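Report on the structure
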Amino acid sequence: MREFVIEADGGSRGNPGPAGYGAVVADAATGEVLAETAEYLGVTTNNVAEYSGLVAGLRAVRELAAAELAAGGEVSVRVRMDSKLVVEQMSGRWKIKHPGLAPLAEEARGVLPTGNVTYEWIPRKDNKRADRLANEAMDAGARGEAWMPSGRPAPTEKHLADLRAAAGVAAKPTAGPATETPGSGEARGSGEVPGSGEARDSAEALGSGEAPGSGEAVVREAPRQSAPQQGAGGQAAPRQGWSAPDLGAPATLVLLRHGETPLTPQKRFSGSGGTDPSLSEAGLEQARRAARLLAARGTVQAIVSSPLARTRETAAVVADRLGLDVTVDEGLRETDFGAWEGLTFAEVMERHPEDMDAWLASPDARPTGGGESFNTTAARVEEARDRLIAAHAGRTVLLVTHVTPIKTLVRLALGAPPEALFHMELSAASISAVAHYADGNASLRLFNDTSHLR
């Protein structure tokens with residue numbers, strides 16, 4: 001039996017907006033890439049694009065194995081996608097509620113015998129080949145062209161028709177369903193983020209498991225493509241928050257920064273590169289107040305902490321109040337600030353001005369003495385986030401961590417650039433919340449809430 005691996009992806013810049021898909025077919029034994037296919041779909045949604053990439057990949061396998069199949073042979077296919085929605089629906093674990101997706105799922109099931117196709121969810125960082133193809137297709141569509149493999153001449157109209165036929169996907173209309181969930185692309189939500197003064201209304205923000213009501217504005221994640229905020233022709237921004245369809249309860253990450261340490265009021269660098277201070281008396285009181293708020297909300301189902309002392313101490317106070325255990329995740333620790341640990345910003349500027357200037361200018365720059373860059377921190381935080389989302393699907397988990405990891409989780413949810421870290425203020429023992437949905441999108445529901453400390 002011949003074995004194949006499909007990596008498929010799709011995206012929509014605006015959701016609905018200019019969309020495209022990409023799919024890579026490889027030999028399962030050797031890893032050799034046997035086929036690549038991509039297509040600009042016109043204006044449609046992220047979920048439609050994801051399913052279209054799946055269908056195209058399956059059809060490419062059927063074409064590659066045409067001789068074996070015609071002779072009565074079989075093929076085995078492992079599909080790898082970063083769309084949790086598609087993987088779970090095609091695996092039969094989730095129902096397909098939206099009428100616009102059911103025909104696409106049925107089409108995918110009809111390409112090859114369903115018993116020979118398995119589905120595997122992978123993190124976005126492991127789906128770069130298909131993501132690249134989807135972006136190439138969308139970029140080509142923005143130029144009014146059809147996607148072609150790199151280095152080939154521009155296609156004729158007949159060639160374009162042949163490409164579509166080979167991929168097994170008919171020409172797409174220029175308009176599609178407008179009710180899917182916001183997906184990839186860099187569309188930014190225009191809703192306001194609930195501030196610290198709205199804590200009395202924040203039970204939903206802290207993970208009630210219900211979809212946001214019409215009075216709540218949220219911002220959807222847009223992490224994948226570097227796309228303009230408007231689609232071709234100046235399309236309006238996608239519908240956000242309460243107008244999005246119901247995908248079930250999200251995995252809600254409630255983000256609690258640790259309480260104060262003796263270094264906090266002095267604004268000294270305190271990372272994971274040698275300084276590991278414990279909470280001060282003020283910090284312990286802040287932890288107790290945060291615990292009272294979280295107990296009153298009654299939504300937290302699990303607690304995960306950074307391995308550093310100040311976070312473990314904060315988490316222990318909350319866990320005692322909530323009657324939960326605490327697990328530790330190394331990915332949630334603070335950035336290693338190298339030789340800057342224990343120094344103030346002014347002291348670093350005086351002693352290491354060139355290193356500080358470079359650090360402020362580039363997320364790849366490292367603090368003096370071999371600390372971590374912001375990009376290095378972001379990579380491990382993103383990996384931890386993906387692990388926790390997978391482990392706590394549909395649940396609310398409290399992450400007790402630090403300034404940089406929390407800002408990074410918020411930045412990733414907003415699809416914001418690394419320099420956004422310098423434009424957020426995060427108080428000691430503040431609470432934020434990000435909801436992660438089954439289709440890979442996210443909503444920032446709360447940021448830097450300190451009402452419980454007043």
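Structure's up top.
Described in the following lines is the structure provided in the data block. In this text, all values refer to a predicted model and were calculated from it rather than measured experimentally.

A few points about a nonpolar patch on the surface
On the surface, Phe 345, Leu 360 and Phe 422 cluster together into a nonpolar patch covering about 260 Å² of accessible area. Relative to the helices and strands, Phe 345 resides in helix 9 (residues 345–351).

Regarding the packing of aromatic side chains
We describe a pair of aromatic rings using the distance from one ring centre to the other and the angle between the two ring planes. Considering all chains together, one arrives at eight aromatic pairs under this definition. Look at Phe 269 and Trp 340: their rings are 5.6 Å apart centre to centre, the planes differ by 55°, and that puts the pair in the tilted class. Note that Phe 269 is positioned in the loop between strand 6 (251–257) and helix 7 (281–297) and Trp 340 in the loop between strand 8 (326–328) and helix 9, a separation of 71 residues in sequence. Both rings, one in Phe 269 and one in Trp 359, keep their centres 5.9 Å apart while their planes meet at 70°; by these two values the pair is edge-to-face. Remark: Trp 359 occurs in helix 10 (residues 353–361) and Phe 269 occurs in the loop between strand 6 and helix 7; sequence separation between them is 90 residues. The exposure class assigned to Phe 269 is buried, which follows from its relative accessible area of 12%.

Quick word on the sheet that holds strand 10 (residues 431–436)
Pairing is mixed across the open sheet formed by six strands, whose spatial order is 8-7-9-6-10-11. Only two strands of the sheet have a single partner each, and these edge strands are strand 8 and strand 11 (442–449). On average, each strand axis in the sheet is tilted by 20° relative to the strand beside it, whichever way the strands run. Bridging between strand 6 and strand 10 involves six bridges; their strand directions are antiparallel. Counterpart to Thr 252 in the pairing with strand 10 is Ala 435. Sitting on the sheet, helix 8 (residues 309–322) is in contact with strand 6, strand 7 (302–305), strand 8 and strand 9 (396–401), with an inclination near 165° to strand 7.

Parameters at a glance
Residues numbered from 1 in each chain as written. Predicted model: local features only at pLDDT ≥ 70, side-chain atom pairs only at ≥ 80, totals over all residues. Heavy atoms only, no water. Patch = residues over 30% accessible without salt bridge, like charges linked within 9 Å, V, L, I, M, F, W, Y side chains within 5 Å. Areas by Shrake-Rupley, 256 points an atom, 1.4 Å probe, with all protein chains shown as cover. Salt bridge = Lys/Arg side-chain N within 4 Å of Asp/Glu carboxyl O. Helix = DSSP H or I, 4+ residues; strand = E, 2+ residues; numbered from the N terminus. Phe/Tyr/Trp six-rings, centres within 6.5 Å; stacked < 30°, edge-to-face > 60°. Buried < 20%, exposed > 50% of the residue type's maximum accessible area, 1.4 Å probe, protein only. Pairing = 2+ DSSP bridges. Axes fitted to C-alpha atoms, helices over the stretch in contact; angles between N-to-C directions. Contact = heavy atoms within 4.5 Å.

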